[in-house]
Amino acid sequence: MRGVCVTGLGLVAPNAANVADFGAALAAGCSGVRAITAPFAARLAYNAAGVVVGDPALVVGKPRCAGLDRVVILALAAVREALDDAGLRADPAPLDRAAVYVGTGMGGQGTIEAGFEEYQLRNGERVNPLLVVKGMNNAAAANIAIDYRCHGPNLTFSTACASSALAIGEAARLVEAGHADVAIAGGTEALLTLGMFKAWEAMRTLAIPDPADPSTACKPFAADRTGLVLAEGAAFVVLESLEHARRRGARVHALVGGYAARNDAIHLTRPDVDGQCAAMRSALADAALAPEQIGYINAHGTATIAGDVAETESIRRVFGAHAYRMPVSSTKSMHGHLIGAAGALEFIATVLAVRDGLVAPTINLRQPDPACDLDYVPNVARTCVRIDHALSNSFAFGGSNAVLIASRAEP
Amino acid sequence: MDQELESQIKRMIADHFGIDAERLAADTEVASLGIDSLGMIEFMFEMEDKLKIRMSDSRAPLLTVSDVIAEIDRAVREQHPAAPVS
């Protein structure tokens, strides 16, 4: 990957309402996971989730939020910050031909469930007339384009946990190939509904929280991990060609150093070491980097029993002895699994690693698992670490593996 | 271990997955029978409904036929100590 840079960052997350707060939260090992207090909470077997802090509707403006599913509201809040950060709200001319690439796992799930309640449970004769346009998976991408007059390609990626990593990677490819000077790319997810909780509960893969302290529920790589924690949120980056960024004097956070998209092609849910290794090797090749040049890995690290072991083995195979010299952390320990938005939020954490030297911790790692023996940066962040290249993994249901590499802007 | 319960569970595994019951030795790994973890969870849900039991919260995977039988047997004994399995 050559000549693609990141000029804007924006997010709303369970442990932070914006990028500056996110960096501070990672540095402090701050968890945004908690018990939810929705009316249906009593029906949940495992009540722990990453709920977005604050009210993003206030950022977007209440009038604009009418007729929008929460998944779109979160996206608009994050995109607003990213475009402000890139100086493109003040000077929007470059957005005229911008591409908008959005990843989401479940799209307008809240709207769809509300509609179901109306026609199925209350036998309503009609549903909200906005159900289609609120609930459709491309609603976030469409509303972003409308708000910022982006006439470029408008794509929505739905590949489960790799959705937004793929959105960012494909947008970077588009810019690299010269098909767009600017791309708004990222992901959004708002799936903390009763239906989604029950569906994930049934797979027996959700974490069992300690009722006394649900914030500790997500324990990647720990011997006492019990599964993943669902979360909502949105994260977006502005990608630009280096030439375009320099011409308009934009501040460059990092370069998109490399990207790979692969599929295990073997099983719908089981992690595949061979597939993960192929994806990481492919991203390194795309970046023209040797494994030893990676200074930090933001792991997929969902805290499932099988997933963490598989990813540890994959990292060992690809990085060899260097795997033990390089910090590897799962920020999901702090923000939970944002599913379709996970890749984008974790890419931002990866950008902060190369830009600020911030190595986020894996919190809740009190009992090491002998099968997971890498340096997972247990519990305490490291700062002022010189990292030239950092890698972010997203390994999804359906077998999609997306790997992104962020590189320091200045050599 | 109740022999009758054990044979009954093996019959139910065989019926649910369309497998020959002869292949279900105690140490047979369920993966070798082409059963993945989600398929096993679905089977255990059916056992919960049929036998009126609830599985434990344990995240330890059920790897062998004897693991499956032991988990069902445990639940039946804890939750219906006197009732015969029908």
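An account of the accompanying structure is given in this report. (Residues numbered from 1 in each chain as written. Chains lettered and ligands numbered in written order. Predicted model: local features only at pLDDT ≥ 70, side-chain atom pairs only at ≥ 80, totals over all residues. Heavy atoms only, no water.)

In this section: the overall build of chain A. Scanning chain A from N- to C-terminus turns up 14 helices and twelve strands. A compact globule built from 411 residues would reach a C-alpha radius of gyration of about 22 Å, and chain A, at 20 Å, matches this within 12%. Projecting the C-alpha coordinates of chain A onto the three principal axes gives extents of approximately 65 × 50 × 40 Å. Here the contacts in chain A between residues at least 6 apart in sequence split such that 79% fall between residues at least 24 apart. Accessible area for chain A stands at about 14900 Å²; split by element, carbon and sulfur atoms hold 54% of it. When the 34 basic and 39 acidic side-chain charges of chain A are each reduced to a single mean position, those positions are 1 Å apart. (Helix = DSSP H or I, 4+ residues; strand = E, 2+ residues; numbered from the N terminus. Rg over C-alpha atoms; globule rule 2.2 N^0.38 Å. Contact = heavy atoms within 4.5 Å. Areas by Shrake-Rupley, 256 points an atom, 1.4 Å probe, with all protein chains shown as cover. Lys, Arg positive; Asp, Glu negative; His and termini not counted. Charge placed at Lys NZ, Arg CZ, Asp CG, Glu CD.)

Turning to the sheet that holds strand β8 (residues 254–263) of chain A, a few remarks are in order. All names here are of chain A. Taken in spatial order, the ten strands of this open sheet run β5-β4-β6-β7-β1-β8-β12-β11-β9-β10, and their pairing is mixed. Two strands in the sheet have a free side with no partner beyond their single neighbour: β5 (154–157) and β10 (328–329). Relative to strand β6 (residues 182–189), strand β4 (residues 99–103) is paired through five bridges, and the arrangement is parallel. Counterpart to V100 in the pairing with β6 is I184. (Pairing = 2+ DSSP bridges.)

Moving on: the pattern of salt bridges. Residue and element names in this part refer to chain A. Under the definition given, this model contains 30 salt bridges over all chains. For the salt bridge of D356 with R355, the shortest nitrogen-to-oxygen distance reads 2.7 Å. Residue D388 is joined to R408 by a salt bridge in which the shortest nitrogen-to-oxygen separation is 3.8 Å. Of the two residues, D388 is situated in the loop between α14 (342–356) and β11 (389–395) and R408 in the segment after β12 (400–407); the sequence distance between them amounts to 20 residues. Owing to a relative accessible area of 23%, R408 belongs among the partly exposed residues under this scheme. (Salt bridge = Lys/Arg side-chain N within 4 Å of Asp/Glu carboxyl O. Buried < 20%, exposed > 50% of the residue type's maximum accessible area, 1.4 Å probe, protein only.)

Scanning the entire structure with this criterion turns up six aromatic pairs over all chains. With 6.2 Å between their ring centres and 55° between their planes, F40 of chain A and F197 of chain A make a pair best called tilted. Linking F40 of chain A in the loop between β2 (33–34) and β3 (49–50) with F197 of chain A in helix α9 (residues 194–202), this pair joins segments that are 157 residues apart in sequence. Taking 6.0 Å as the distance between ring centres and 75° as the angle between the ring planes, the aromatic pair formed by F116 of chain A and Y119 of chain A counts as edge-to-face. Pair noted here: F116 of chain A and Y119 of chain A are both in helix α5 (residues 109–121), with a separation of three residues, about one helical turn. Note on F116 of chain A: relative accessible area 38%, which makes it partly exposed. Here the basic side chain of R59 of chain B rests over the ring of Y46 of chain A, its NZ or CZ set 5.0 Å away from the ring centre. (Phe/Tyr/Trp six-rings, centres within 6.5 Å; stacked < 30°, edge-to-face > 60°. Lys NZ or Arg CZ within 6 Å of the ring centre and 35° of its normal.)

Residue and element names in this part refer to chain A. Mapped onto the elements, R89 comes out in the loop between α4 (70–85) and β4. Sequence separation of R89 and G275 is 186 residues, and the distance between their C-alpha atoms is 40 Å. At a separation of 3.2 Å, a polar atom in the side chain of R89 contacts the side chain of D84. (Polar contact = N/O pair within 3.5 Å; in protein donor to acceptor, adjacent residues only side chain to side chain.)

Residues and elements named next belong to chain A. Among the ten residues of helix α7 (residues 139–148), seven are classified as buried, and the element is accordingly described as predominantly covered. Here α7 has its buried residues at A139, A140, A141, N143, I144, A145 and Y148. Within two residues after α7, R149 carries a phi angle of roughly 55°, on the positive side.

Residues and elements named next belong to chain A. The buried fraction of β11 is high, at seven of seven residues. Residues H389, L391, N393 and F395 of β11 are buried on one face, and the alternating residues A390, S392 and S394, pointing to the opposite face, are buried as well. By the bridge criterion, three bridges tie strand β9 (residues 296–298) to β11 in an arrangement that is parallel. Residue pairing across strands places N298 opposite S392, the latter belonging to β11. Sheet topology note: the β11/β12 ladder contains seven bridges and is antiparallel. Counterpart to F395 in the pairing with β12 is N401. In sequence, β11 turns back onto β12 through a hairpin of four residues, with G398 there showing a positive phi of about 95°.

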